[in-house]
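Chains, contacts and geometry: an overview
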Amino acid sequence: MADEVLTERHGRVGLITLNRPVQMNALNGALMDALGAALLAFDADEGIGVIVITGNDKAFAAGADIAEMADYTYSDVYAEQFITRNWETIRRVRKPVLAAVAGVALGGGCELALACDIVLAAENARFCLPEIKLALLPGAGGTQRIARAIGKAKAMDMCLSARMLDAAEAERAGLVSRVVPTAELRAQALALAGKIAEFSAPALMVVKEAVNRAFETSLSEGILFERRELYARFASADAREGLRAFIEKRAPHFIHR
Ligand code: CO8
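Residues numbered from 1 in each chain as written. Predicted model: local features only at pLDDT ≥ 70, side-chain atom pairs only at ≥ 80, totals over all residues. Heavy atoms only, no water.

Here the focus is the site of the ligand. For the ligand, the set of nearby residues contains 23 residues, the closest of which are A62, A64, I66, G108 and E131. Here a nitrogen atom of the ligand and a backbone polar atom of A62 are 2.9 Å apart. A distance of 2.9 Å separates a nitrogen atom of the ligand from a polar atom in the backbone of I66. Burial of the ligand by the surrounding chains reaches 60%, relative to a free accessible area of 1100 Å². For the shell around the ligand, the per-class residue count stands at 15 nonpolar, five polar and three charged. (Near = heavy atom within 4 Å. Polar contact = N/O pair within 3.5 Å; in protein donor to acceptor, adjacent residues only side chain to side chain. Areas by Shrake-Rupley, 256 points an atom, 1.4 Å probe, with all protein chains shown as cover. Nonpolar A, V, L, I, M, F, W, Y, C, P; charged D, E, K, R; others polar.)

To continue, consider unusual backbone geometry. The backbone phi angle of N25 is positive, close to 60 degrees, even though this residue is not glycine. Turning to its location among the elements, N25 is positioned in the loop between strand 2 (13–18) and helix 1 (29–43). Note on N25: relative accessible area 0%, which makes it buried. With a phi close to 50 degrees, K249 is a non-glycine residue in the positive phi region. Take K249: it is sitting in the segment after helix 12 (237–247). Residue K249 is classed as exposed on the basis of its relative accessible area, which comes to 78%. (Helix = DSSP H or I, 4+ residues; strand = E, 2+ residues; numbered from the N terminus. Buried < 20%, exposed > 50% of the residue type's maximum accessible area, 1.4 Å probe, protein only.)

Mapped onto the elements of the fold, E169 is located in helix 8 (residues 167–173). Using a relative accessible area of 11% as the deciding quantity, one classes E169 as buried.

What follows deals with the nonpolar core. Judged by nonpolar contacts, the single largest core of 46 residues is most densely connected at F127 and L175. Setting aside residues up to four positions removed in sequence, L175 forms contacts with L114, V119, F127, I146, I150, M158, L165 and A170. L15, V52, A102 and A122 belong to the second-largest nonpolar core, a separate cluster that totals 18 residues. (Core = buried A, V, L, I, M, F, W, Y, C linked by side-chain atoms within 4.5 Å. Contact = heavy atoms within 4.5 Å.)

Spelled out as C-alpha cells, the structure:
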C-alpha cells in the first residue's frame, strides 16, 4: 500500500503528514482512510497528547480528489458512505488536533482544517471553498463549520463566490488562530503542540469536549456541562497535582490521570 500519510512521533506529539504531493494532496478515499487510521492510532496511544496534521509547502490539501469523484453515482456514494465513512472518524478523536497549513487548503482541504481544533497557518496559506465551480457544495462539514468559524457574511461569500482568503484575512476572520513564517510552520506547530501535550491529557480532552459543546447546545446547558466537568476535575490526580504544585511554587508533574 502506498504511504498516503506519513506518521512521526515527536515526544508526546503525533505528526501526520498528508503525502500525495504530486496531486497537491488531493483527498482520495485511500488517503482519508489512512488519515482516519493514523488519527485513531494516535488517539489510542497513551504516549501521545496532541496530534498535528500537515501537508507540504505548496499544499495542505487541494480538496477531494476530482478524478475519483468524476464518475460517482448516487448509488456509489450512498453504498460506500462517502464522507461518512472516513470523515466521521475525525469527530471521534478526543485529543487536540492541530492543523498546520501551508499553501492551498481548498475545498475538502479547507474543510479538513476546519475540522481540526487549532489551525496554524503559514504566511503563504490560502483558504478557499471552490466546490461551487464544480456545481457541488462544501459537503464535508464545510457549510456548517465555516459559518460557525467566521460568521454568515464571509461564509456565504466563500461558499457562493469561491472567494479565496489569504492567511492574514483568514486570521482576521477567525478561521486560523496564528500566522507564522512559512519556513517556520513545522517547527512552530510542533512547538505549540509539544507545549499543549505537556498539560494533563484528560484535562485537555475535557476542554476540547466542552468547547465543542458550545456549538451543539444552548448556553445554559453548555454551562451546566462545563460546571459538571469542573467538579469532576477535583476527582483527578492531575488537578490535585496542578493545584499543589502552584502552592509549592514548583512545576507540576502530570501523570495524565
Ligand atoms: N483532485 C485531483 N487532482 C488534483 C486536485 C484535486 N482536487 N487538485 C490538483 N490536482 C492535480 C492536478 O490535476 C495535477 O495533476 P496532473 O499533473 O496529473 O494534471 C496536479 O494535481 C497539479 O495540479 P495543477 O497542475 O493544477 O497545479 P497548479 O499549481 O497549476 O494549481 C491548484 C494548483 C490551484 C490546487 C489547482 O490544481 C486546483 O484548482 N485544483 C482543484 C481545487 C478544487 O477545486 N478543489 C475542490 C475539490 S471539490 C471538494 O473538495 C469537495 C469537498 C466535499 C467532499 C470532501 C471529501 C474529501
